Amino acid sequence: MRLRSELIIFFLIISVVPLSSVVYISYDFSKLAIRESVMSNLLGATDNTGNVINNWMDARKDDIRVISQSRVTLTMQKEYFIEFLDTFEREHKGVYREFYTLDLDGNIIFSNIYRTGNERPETYFIEASKGKMYLSDVYKSNITGAPEIIITNPVRNNGKIIGVFAARISLENLYRIIENIDIGKSGEVFIVNQKGDIIFHENRSLILFNNINNNFAVREVTYEKNGINEYVNYKGENVLGSYYWLPLYRWGLIAEKNIDEAYAGALMLGKVMVEISMLAVIGVVFLALVVSGNITRPVKYLEDGAFGMLRGNFKQIPVTSRNEIGRLTEIFNSTASELLDIRKKLEAKIDVANKDLEKKNKELINANEELKKLDELKSDFLSLVSHELKTPLSSMKISAEYLESDPNIAPDKKEILRIIVRNIDRQTRLINDILDLSKIEAGKTELKLDIISIREIADASHENIKQVALNKNISINIDFPDDLSQVMADRDKLIIVLNNLFENALKFTPEGGSIILSAKENVDGIEVMMKDTGIGIENEKLEKIFDKFYQVDSSSRRKTGGCGLGLSISSGIIRAHGSVIHVESEPGKGCTFSFKLKKG
Ligand code: ADP
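Residues numbered from 1 in each chain as written. Predicted model: local features only at pLDDT ≥ 70, side-chain atom pairs only at ≥ 80, totals over all residues. Heavy atoms only, no water.

### Some words on the overall build of the protein
Of regular secondary structure, the protein possesses 14 helices and 18 strands. With the principal axes as the frame, the protein shows a C-alpha extent of 215 × 65 × 40 Å. Scored against the burial criterion, the 600 residues of the protein give a buried share of 38%. Partitioning the intrachain contacts of the protein with sequence separation of at least 6 by distance along the chain shows that 61% fall at a separation of at least 24. If you sum the accessible surface of the protein, you get close to 35,000 Å²; carbon and sulfur atoms cover 55% of it. (Helix = DSSP H or I, 4+ residues; strand = E, 2+ residues; numbered from the N terminus. Buried < 20%, exposed > 50% of the residue type's maximum accessible area, 1.4 Å probe, protein only. Contact = heavy atoms within 4.5 Å. Areas by Shrake-Rupley, 256 points an atom, 1.4 Å probe, with all protein chains shown as cover.)

### A few points about the site of the ligand
Contacts to the ligand come from 19 residues, most closely from N504, K507, D532, Q551 and L567. Here Q551 contributes a side-chain N or O atom positioned 2.8 Å from an oxygen atom of the ligand. At 3.1 Å from an oxygen atom of the ligand is found a main-chain nitrogen or oxygen belonging to G564. Those elements that provide at least two residues to the shell around the ligand are α12 (491-507), α14 (566-576) and β18 (590-597). A per-element tally of the shell around the ligand places α12 first, with three residues. Tallied by class, residues from the shell around the ligand come to eleven nonpolar, six polar and two charged. (Near = heavy atom within 4 Å. Polar contact = N/O pair within 3.5 Å; in protein donor to acceptor, adjacent residues only side chain to side chain. Nonpolar A, V, L, I, M, F, W, Y, C, P; charged D, E, K, R; others polar.)

### A look at the pattern of salt bridges
If you walk through the whole model with that rule in mind, you get 30 salt bridges. A salt bridge links R60 to D63; the shortest N-O distance between them is 3.1 Å. Placement of both R60 and D63 in helix α1 (residues 3-69) is noted, with a separation of three residues, approximately one turn of the helix. The residues R60 and D63 share a single accessibility class, namely buried. The residue E463 makes a salt bridge to K466 at a minimum N-O spacing of 3.3 Å. In this pair, E463 and K466 are both assigned in helix α11 (residues 454-471), three residues apart and thus about one turn of the helix distant. Counted as one network, the salt bridges with shared partners bring together R97, E98, R115, E119, E148 and R168. (Salt bridge = Lys/Arg side-chain N within 4 Å of Asp/Glu carboxyl O.)

### Looking at the side chain of N54
Summarising the element assignment, N54 is placed in helix α1. N54 gets classed as buried once you look at its relative accessible area, which sits at 13%. Apart from the residues lying within four places of it in its own chain, the contact partners of N54 are Y244, L246, L248 and Y249.

### Focus on the nonpolar core
Among the nonpolar cores identified, the biggest contains 47 residues, and I53, F99, I169, L171, L174, L240 and W251 are the most heavily contacted of them. Considering every element that reaches this core, the biggest residue donor is α1, with nine residues. Per-domain counts for this core show at least three residues from each of domain 1 (70-173) and domain 2 (182-262). Ignoring sequence-local partners within four residues, the contact set of L240 consists of V38, M39, L42, I228, N229, E230, A255, E256, K257, I259, A262 and Y263. By size, the runner-up hydrophobic cluster in this structure holds 44 residues, among which are A505, A519, L567 and V583. (Core = buried A, V, L, I, M, F, W, Y, C linked by side-chain atoms within 4.5 Å. Domains from an automatic or database assignment.)

### Examining empty space enclosed by the protein
Counted according to the given criterion, the structure contains one cavity of 30 Å³ or more. The computed volume of the largest cavity comes to approximately 30 Å³. In terms of lining, the largest cavity is formed by S186, G187, E188, N233, E237, V239, E256, K257 and N258. At three residues, the largest contribution of residues to the lining of the largest cavity is made by strand β11 (residues 251-258). Taken together, the residues of the lining of the largest cavity break down into one nonpolar, four polar and four charged. (1 Å grid on protein atoms, 1.4 Å probe; cavity = no way out; pocket = protein on both sides within 12 Å on 5 of 7 lines; lining within 4 Å. Points joined across faces, edges and corners; volume = space filled by probe spheres on them.)

### What about a nonpolar patch on the surface?
Together, I9, F10, I13, I14 and V17 make up an exposed nonpolar region whose accessible area comes to about 460 Å². Looking at where I13 falls in the secondary structure, it is placed in helix α1. (Patch = residues over 30% accessible without salt bridge, like charges linked within 9 Å, V, L, I, M, F, W, Y side chains within 5 Å.)

### Some points on the environment of H462
By secondary structure assignment, the location of H462 is in helix α11. Along the backbone, H462 and L498 are 36 residues apart, and their C-alpha atoms lie at a distance of 8.5 Å. Not counting chain neighbours up to four residues away, the residues in contact with H462 comprise I476, I478 and F502.

### A look at unusual backbone geometry
Positive phi values are uncommon outside glycine, yet Y114 reaches one of about 60°. On the secondary structure map, Y114 appears in the loop between β2 (108-111) and α4 (123-129). Of the residues examined, Y114 reaches a relative accessible area of 66% and is grouped as exposed. Although it is not a glycine, N158 sits at a positive phi angle of roughly 50°. With respect to the secondary-structure elements, N158 resides in the loop between β5 (147-157) and β6 (160-170). Under the relative-accessibility criterion, N158 is labelled exposed at 79%.

### What about the packing of aromatic side chains?
For the coordinates displayed, the defined rule picks out nine aromatic pairs. Seen in terms of ring centroids, Y96 and F99 are 4.8 Å apart; in terms of plane orientation they differ by 35°. Their pairing is tilted. For the ring pair Y249 and W251, a centre distance of 5.4 Å and an interplane angle of 45° mean the geometry is tilted. A connected cluster of aromatic rings, assembled from ring pairs, spans Y96, F99 and F165. Lying across the ring of W56, R60 places its NZ or CZ 4.8 Å from the centre. Here the basic side chain of R115 rests over the ring of Y100, its NZ or CZ set 4.8 Å away from the ring centre. (Phe/Tyr/Trp six-rings, centres within 6.5 Å; stacked < 30°, edge-to-face > 60°. Lys NZ or Arg CZ within 6 Å of the ring centre and 35° of its normal.)

### Quick word on the sheet that holds β18
On the basis of which strands lie adjacent, the open sheet formed by five strands has the order β13-β15-β16-β18-β17 and mixed pairing. Both edges of this open sheet fall to β13 (475-479) and β17 (582-586), since each of them pairs with a single strand only. Within this sheet the neighbouring strands show an average axis-to-axis angle of 15°, counted without direction. Of the pairings in the sheet, the one linking β13 to strand β15 (residues 514-522) comprises five bridges and is parallel in character. Looking at the pairing, N477 lines up with I516 of β15. Across the sheet, α11 lies against β13, β15, β16 (525-532) and β18, angled at about 175° from β13, the strand it touches most. (Pairing = 2+ DSSP bridges. Axes fitted to C-alpha atoms, helices over the stretch in contact; angles between N-to-C directions.)

### Details of the pairing of strand β8 (residues 198-201)
In terms of strand pairing, strand β7 (residues 188-192) meets β8 through three bridges, oriented antiparallel. Across the sheet, residue V192 finds its bridge partner in β8, namely I198. Here β7 folds back onto β8 in antiparallel fashion, the turn holding five residues, of which G196 has a positive phi close to 95°.

### Notes on the packing of α11 against α12
Where α11 meets α12, the axes come as close as 9 Å, and the angle between the chain directions of the two elements is 40°. The handedness of the crossing between α11 and α12 is right-handed. On α12, the residues touching I454, E456, I457, A458, A460, S461, H462, N464, I465, V468 and A469 of α11 are R491, L494, I495, L498, N499, F502, E503 and L506. Here the contact of α11 with α12 is built from residues that sort into twelve nonpolar, four polar and three charged. (Left-handed = near helix turned anticlockwise from the far one by under 90°.)

Below, the structure is given as structure tokens:
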């Protein structure tokens, strides 16, 4: 991940996580507080309103009690009675719809609206005539449509019930009282009786129309409980409802507020907090972008500069700050210019050296060409010379042998002729060697590869030198395993190699010594070894014995003959077979020559 992304993520983690936790926690607390305050407000308003209704109703009961127990009611002097009632009417405008008295038969004997009739079967009459104050159920006025109740109280004279006083009371006033409860736009306040009938509602058409005892608050209040709760109301809406039981009248006052509206404050707060958090996050992201940009820009410059340097571009990078990175950039710049300097100097030197090399190379090519020409000349010369030397030598040898074969020739002359023949042989061998070597070196040796038995080659070669070994009393032992595989080699060339190795071993092994020719089969070929018990070769000279005309000791050469070409030829032949001749030796103890051949 890039440094800048890491920094932005880091900023976000260290700011957004704690910020959102704080916002969330405070939102949660505030929501709870708002919820509690909304609840306690509604509950308080309901309680207060309940109390006010109680007081208002008590006042009505007190009025009825006072009127029914007053002298004026007893005497029934109509003018005074009407005046007396008027004072109550005036005091409580529109509350008392009718005052009337009934005799014990239920006949209306007085009504301030001049109504007549008999109400004997009515419960409020029956109950009051038994001596109890009675409050009727709420009913709707036929005339105004407003909810009303009737309160009745016995009228006594000297403790004896002589009639019943009744008042029809409009509950219109309760509308003003319940206005004090804040129920928002969509809430409602209503009063139910103990059966769950709505007996008072803002919407008058609902009064005594609906039984809503399945409503949670109605159930609670009709069980005579007060409280507040969240529930689904009779209209199927989620509401916060507060209920208050009015025990004297067995009414329940219920105030319901739509949940969303009730907790609008909390929702609002949540929205504000989310907005603040979003703003804070945007601010943090912006800050993170700016700060991380400021931090990473110079680092990026450095990175680009370093990459450029890797590609050989030593350009300066801008220093954008005075802090550690700024100082690092300055160091980078001065290093880059130093390196550029060094590079220029080196390039100049390399240029010179290149030119020099080019010149030398040309010289070398020329020298090589010349060498090649010389080499060709040398090879041509060698083959020419060898050929021109061999022809006269063979006629000289034939002549010398012819003379030697004459039986009349004096012994001393015969000896001279033998020496001549020996020297001609030696000379011929030398010329052959030189010819072979020049061919090998010119890469002209063509191998006639065959699958051959190495034992057979060894025997043929052994045959060649057997007599010399006998003369020198040197034992020759050929030690090959019976099941030795055949090899892929040029028979004649391999005989030359074995001859050379045998001749050397015989030359450099004192009388009575031994030579062992052995072979060993490996996975990758057959290893041939020739070991002698001769004078050996010093370690530092071992490498040189394969050089042309090299002889370890020229005095011994004189004694043993040879001209230092045998090993060069042999090693050339073995190289042409794709292998090499190795030698191991310890002076005074003998030598071991070995080489590997491919299996046939
Ligand atoms: P040369 O004609 O002298 O034998 P070679 O090339 O065959 O030439 O050998 C080079 C020299 O290596 C010899 O002159 C001799 O000094 C040394 N050399 C070769 N074979 C042996 C050996 N088996 N023991 C000791 N010295 C050896």
